[in-house]
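Here are the chains, one letter per residue:
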Amino acid sequence: MQIVLIEGDGIGPEVTQAACRVVAAANVKVDWVKAAAGIPAAEQFGEPLPEETLEMIRRYRVALKGPCTTPVGKGYRSINVRLRQGLELFASVRPVNTLPGIKTPYEKVDLIVVRENTEGLYAGLEHEVVPGVVESVRLITRPAAERIVRFAFELARHRGRRMVTFCHKADVMRLSDGLFLECARQVADDYPFIRFEEKPIDNVCLEMALDPSEFDVLVMENLFGDVISDLAAGLVGPAGPGGGLGLVPGANYGTRFAVFEAVHGSAPDIAGKGVANPIAVIRSAAMMLEYVGRGDAGARIEAAVMKALKVGIGLTRDLGGDGNTNTLTEQIIKHLAV
Ligand code: ATP
């Protein structure tokens, strides 16, 4: 099978290569079709997200992506925002769960953040009214609101989850989140067998800090989802730089295409040293395999990652180990074999 590979920049090439090795070790034959994005693409094509890259994903439908930096100061729009809008990847999914061997103040975290990816405050609709005054439009439309909430309920149904929490700020943003909330309630009516909860986003933050095990599937607009995704990653990661960023996978789904990527950025501080934690991208690749009908291999990879974390040999520095990208990848491959 052919899948697009965007290595990205910074630690991107190191961690995506680790993921390709693990996929091969799980006996899935993938012909990776490389496409450029990020700093290498900006240098080569003068454009950090060339149209050719979008075309390749449209052709092959699925991509595994490393972190990509959008160069600042040249008026480029965010690569991730353009990718999501250009491919209509309307749903971002971040499963966050407690991991073996990682000490955190929380136990039994097992939640999934579903974020609307195309609208909200990240719709990119900003303008200067007069010098010193700018406006950003927070776009909410009924079709997109209904689509993301239905996606969250379908995900909950397929994965046997018990509850969907809709996060909002409808008491302040009465029109925009008022509409979103109305859509959420309507869609929830179609799923009487799954508990539906609606909560102001500030309450969600407080409760997540106190007891994240309360949450199951959460669904929300773009900006809230961006913030909550990183907050949730921090609940399951070790203390120190990066926290859970090197551990949490992510996926962006549309109706026709899907792009799988880690939560973390390109980590320029450790790039090129071979010490980055590859687990987030490896787990994203496992989600990708599930999407392309190889859920068996995806589940084996996920289990091998859990075993490697539990055994704790060859772990990278962010996990408190003295290993590197290669030693951790080899441990995961070893656990795949047994
Ligand atoms: P961006 O703007 O691209 O999100 P950032 O600097 O805000 O970049 P990251 O690049 O994710 O965020 O880095 C934040 C911190 O986490 C850095 O100290 C980095 O070294 C660490 N970090 C991120 N990803 C990893 C990883 N996979 N392995 C180890 N450390 C990581």
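Because the structure is predicted, anything quoted here is derived from the model rather than measured. (Residues numbered from 1 in each chain as written. Predicted model: local features only at pLDDT ≥ 70, side-chain atom pairs only at ≥ 80, totals over all residues. Heavy atoms only, no water.)

A. The arrangement of the domain arrangement of the protein chain in detail. According to the domain assignment, the protein chain contains domain 1 (1-92 + 245-338) and domain 2 (105-236). Centre-to-centre, using C-alpha coordinates, domain 1 lies 25 Å away from domain 2. Listed per partner, the contact involves 16 residues of domain 1 and 16 residues of domain 2. Taking both partners together, domain 1 and domain 2 bury about 1,400 Å²; carbon and sulfur atoms supply 53% of that area. Broken down residue by residue, the surface that domain 1 buries against domain 2 is led by Gln85, Phe90 and Ser92, which jointly contribute 42%. Its salt-bridge partner being glutamate 88, residue arginine 147 comes within 2.9 Å of it at the nearest N-O pair. (Domains from an automatic or database assignment. Contact = heavy atoms within 4.5 Å. Buried area = accessible area lost by both parts, 1.4 Å probe. Salt bridge = Lys/Arg side-chain N within 4 Å of Asp/Glu carboxyl O.)

B. Fine view of the packing of helix H10 (residues 295-311) against helix H11 (residues 325-337). One can describe the packing of H10 onto H11 by two numbers: an axis separation of 8 Å at closest approach and a directional angle of 120 degrees. Comparing the axis directions of H10 and H11 gives the class oblique. Crossing of H10 over H11 shows right-handed handedness. Residues Arg300, Ile301, Ala304, Val305, Lys307, Ala308 and Val311 of H10 touch H11, and the partners they reach there are Gln331, Ile332, His335 and Leu336. Its residues assigned to classes, the contact of H10 with H11 comprises seven nonpolar, two polar and two charged. (Axes fitted to C-alpha atoms, helices over the stretch in contact; angles between N-to-C directions. Helix = DSSP H or I, 4+ residues; strand = E, 2+ residues; numbered from the N terminus. Parallel < 35°, antiparallel > 145°, perpendicular 65-115°, else oblique. Left-handed = near helix turned anticlockwise from the far one by under 90°. Nonpolar A, V, L, I, M, F, W, Y, C, P; charged D, E, K, R; others polar.)

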